[in-house]
2 protein chains.
Amino acid sequence: MPNSKLQAKEIRFMSRPRGGPSPENVAVVTVDLPDLQPGEVLVRNSFFSIDPYMRGRMNEGKSYILPFALGKALDGAAVGQVVQSRDAGFPPSAWVLSFCGWRDYFVAQASQLRVIDATQAPPSAYLGVLGATGLTAWVGLNDVAKIKQNETVFISAAAGAVGSVACQLAKLRGCQVVASAGSAAKVAFLKNQLQVDCAFNYRESDPLRQLEIAAPDGLHVYFDNTAGPQLEAALACMRNHGRIVMCGAISSYNAPAPGPQNLHQVIIRRLRLQGLLVADHLHRMPAFLAEMVPLLRAGKVLHQETVLHGIEKAPGAFISLLQPGDAHIGKLVIQV
Amino acid sequence: MPNSKLQAKEIRFMSRPRGGPSPENVAVVTVDLPDLQPGEVLVRNSFFSIDPYMRGRMNEGKSYILPFALGKALDGAAVGQVVQSRDAGFPPSAWVLSFCGWRDYFVAQASQLRVIDATQAPPSAYLGVLGATGLTAWVGLNDVAKIKQNETVFISAAAGAVGSVACQLAKLRGCQVVASAGSAAKVAFLKNQLQVDCAFNYRESDPLRQLEIAAPDGLHVYFDNTAGPQLEAALACMRNHGRIVMCGAISSYNAPAPGPQNLHQVIIRRLRLQGLLVADHLHRMPAFLAEMVPLLRAGKVLHQETVLHGIEKAPGAFISLLQPGDAHIGKLVIQV
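Residues numbered from 1 in each chain as written. Chains lettered and ligands numbered in written order. Predicted model: local features only at pLDDT ≥ 70, side-chain atom pairs only at ≥ 80, totals over all residues. Heavy atoms only, no water.

### Topic: the side chain of Glu40 of chain B
Residues and elements named next belong to chain B. Position of Glu40 relative to the elements: it lies in strand E3 (residues 40-49). For Glu40, which is buried and forms no salt bridge, the nearest opposite charge comes from Arg86, at a distance of 7.1 Å. Of note is the side chain of Glu40, whose polar atom sits 2.9 Å from the backbone nitrogen of Gln37. (Helix = DSSP H or I, 4+ residues; strand = E, 2+ residues; numbered from the N terminus. Buried < 20%, exposed > 50% of the residue type's maximum accessible area, 1.4 Å probe, protein only. Lys, Arg positive; Asp, Glu negative; His and termini not counted. Salt bridge = Lys/Arg side-chain N within 4 Å of Asp/Glu carboxyl O. Polar contact = N/O pair within 3.5 Å; in protein donor to acceptor, adjacent residues only side chain to side chain.)

### Overview of the interface of chain B and chain A
Tallying the contact residues gives 28 residues for chain B and 28 residues for chain A. Together, the buried faces of chain B and chain A total about 2,300 Å²; carbon and sulfur atoms form 65% of this surface. Broken down residue by residue, the surface that chain B buries against chain A is led by Leu263, Ile267 and Arg270 of chain B, which jointly contribute 24%. For the interface between chain B and chain A, the tally reads 2 salt bridges. When the shortest N-O distance is used, the salt bridge between Arg270 of chain A and Asp280 of chain B registers 2.7 Å. Where chain B packs against chain A, one counts 8 residue pairs in polar contact (both at pLDDT 80 or more). Among the elements of the structure, strand E12 (238-246), helix H7 (265-268) and strand E13 (272-275) of chain B are those that each provide at least two residues to the side of chain B that touches chain A. Considering every element that reaches the side of chain B that touches chain A, the biggest residue donor is E13 of chain B, with 4 residues. Of the residues assigned to the side of chain B that touches chain A, the class counts are 17 nonpolar, 8 polar and 3 charged. Looking at chain direction, strand E13 (residues 272-275) of chain A and E13 of chain B are connected through 3 bridges and run antiparallel. Bridging across to E13 of chain B, Leu273 of chain A finds its partner in Leu273 of chain B. (Contact = heavy atoms within 4.5 Å. Buried area = accessible area lost by both parts, 1.4 Å probe. Nonpolar A, V, L, I, M, F, W, Y, C, P; charged D, E, K, R; others polar. Pairing = 2+ DSSP bridges.)

### Considering the packing of aromatic side chains
All names here are of chain A. What the rule picks out here adds up to 12 aromatic pairs over all chains. An angle of 75 degrees between the planes, with centres 6.1 Å apart, marks the rings of Trp102 and Phe318 as edge-to-face. Of this pair, Trp102 sits in the loop between strand E5 (95-98) and strand E6 (105-109) while Phe318 sits in helix H9 (residues 314-321), placing them 216 residues apart in sequence. Judged by relative accessible area, which is 3%, Phe318 ranks as buried. Counting every residue linked through ring pairs, the aromatic cluster contains Phe48, Trp102 and Phe318. (Phe/Tyr/Trp six-rings, centres within 6.5 Å; stacked < 30°, edge-to-face > 60°.)

### Observations concerning the domain arrangement of chain A
Residues and elements named next belong to chain A. Considered domain by domain, chain A is made up of domain 1 (7-128 + 303-335) and domain 2 (132-279). Inter-centroid distance (C-alpha atoms) of domain 1 to domain 2 is 28 Å. Each partner contributes to the interface: domain 1 provides 22 residues, whereas domain 2 provides 16 residues. At the boundary of domain 1 with domain 2, total buried surface from both sides reaches about 1,400 Å², with 56% on carbon and sulfur atoms. Looking only at domain 1, the three residues that lose the most surface to domain 2 are Leu322, Gly325 and Ile329, adding up to 26% of its buried area. If you look at where domain 1 meets domain 2, you find 0 salt bridges. Counting every contact that joins domain 1 to domain 2 gives 7 residue pairs in polar contact (both at pLDDT 80 or more). (Domains from an automatic or database assignment.)

### Focus: the confidence of the model for chain A
On average, residues of chain A score 95 in pLDDT, and 99% of them reach the 70 mark or higher. Scored by ipTM, the complex comes to 0.94, with pTM at 0.94. (pLDDT = per-residue confidence, 0-100.)

### Remarks on the sheet that holds E13 of chain B
Sheet architecture is open: 12 strands sit in the order E10(A)-E9(A)-E8(A)-E11(A)-E12(A)-E13(A)-E13(B)-E12(B)-E11(B)-E8(B)-E9(B)-E10(B), paired in mixed fashion. Across the chains shown, the open sheet's two edge strands, defined by having one partner strand only, are strand E10 (198-201) of chain A together with strand E10 (198-201) of chain B. Adjacent strand axes in the sheet meet at a mean angle of 15 degrees, parallel and antiparallel pairs treated alike. Taken together, the 5 bridges between strand E11 (residues 219-224) of chain B and E12 of chain B define a ladder with parallel strand orientation. Bridge pairing links Phe223 of chain B to Val245 of chain B in E12 of chain B. Across the sheet, helix H4 (residues 184-192) of chain A is in contact with strand E9 (176-181) and E10 of chain A; its angle to E10 of chain A comes to roughly 175 degrees. Strands strand E8 (152-155), E9, E10 and strand E11 (219-224) of chain A of the sheet are contacted by helix H5 (residues 207-214) of chain A, whose axis makes an angle of about 165 degrees with E10 of chain A. (Axes fitted to C-alpha atoms, helices over the stretch in contact; angles between N-to-C directions.)

### So, unusual backbone geometry
Residues and elements named next belong to chain A. Phi is positive for Ser93, close to 80 degrees, though the residue is something other than glycine. Here Ser93 falls in the partly exposed class, since its relative accessible area comes to 46%. The phi angle at Ala157 is positive, at roughly 50 degrees, despite the residue not being glycine. With respect to the secondary-structure elements, Ala157 resides in the loop between E8 and helix H3 (161-172). On the accessibility criterion, Ala157 (28% relative accessible area) is partly exposed.

Here it is in structure tokens:
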């Protein structure tokens, strides 16, 4: 049982990558945990989340969120259980969601934690389909794109954490879903597990040609997780007054890439492109959970995740996640 | 007085340009006009409009509007007077707006004409500040960008037809206006006549640096008439939740250009980019005129136009209009 002499392991950010991150950018470090003060809680993480957006925080400079500080543990969403507590709202063994990052044990202010209901769903689902990931997909389709029944929706990085939820929600709304991913296994997952209407491997075929075949009448909505050539292809296939949810740009996280040559299609087709950061939409969490929890419990939404075991796996998994053709399907989490 | 043997001059589209249009792409042709049939009207044009969007119609292929047909007169907005009429709604000497293009005389169905009130404003104003041009600026600011008092608005091609109206309307709404253009004379016009808060020559200084100086707290709205480097600079200076009206892309009409390298700012800053074609907004014309006519008559909005005399001037003026640093200020019209 941990006490004041407890040690914790954390993954510490040591240097800012140029281009793709590499193992030398981080270090696994053992630290002493402090004694609990009033209002503090000791948590043992069970799972933490590996997310593409973290690449942006590795860069210096002003952004929507502070850059990762050098010499500190990498932040990120995690779920775990209370071990010791000096706050009445967080009794021992309660499951909590936190954003204190890539650690096994940590001490936090109670205000940094949120209790989750592990009787409703597996705890790791609160990082994925019931967490910020799922909320991103839900808000993007409902509040930003405002999808309607029978519309044709293209989703890139569709086998990823956000994409795999977006595919399922769009299908449940009665949309026709065209999905892309970067490996044959992911395409098979999209077709067989998520039962999208059409899925293609963007690395082995021309996205423009694939979209023309899959959506001969054009796209009402594009849920963009990649930017790059798939955005350019989608712009060429949008219907008039189509909507593009700008959610991710994984094709350019490691290195800046030219923008689409055909951005003038935004004028010609009177498109709306809108940027989405889930942090703006946290007030929608109750409405989101009210819909998602029953869907998940009824088996109408699949909670797809790839679980890797051991905190030391995190850096390699993150590096891989940013590569085209990465093998992880669904939400990527580390089991501590 | 013209009769059934009347001849008319028209500017006919002869070949599709590759890159910038050249004089050989058109021909000035004399044609016989037909006898008037019931419901037809003979019009003598006084002014016709030269617009950058026409470059797009010179290309083949599907777009929001049919491409110009080879061997036919170039279409475009014009104002003129009824000479002979076989429709009671269009008595001789009535002023009419039409879209029958670059001709001196023409015969049209009455349904192709709209009577304008030349007692309210000079007839050519119905091509500019009171026409589709002005409506574009008004809809872009009000309905698309939804500008609010005290916001900072950047307008490119600001000395052009749409830009010069947008600058004035944004000032009247209590916005701070940053304006760009491609010559010293235009910058002087923006500062002295339109009294914008800041104007710069995008060809002689770095747009990004200029925007950083002019709007240190960032841009709420960018009214984009150019795309290209000015769009890239604006993306780098937008405030969170800023709006970009995608109205024109004159920097790329003659040749495709790469898109902005920093389009991911749309996500980071949660921007909304929205394409605008005035044809979607013609139902707003009454509300627009109800506001604009009094403003114009009270001298609160300047009707800035460059008038060239003689139908033969049209091709050269159009070619020039698409060049960086073109000298025309405000709406460009040909007086027939």
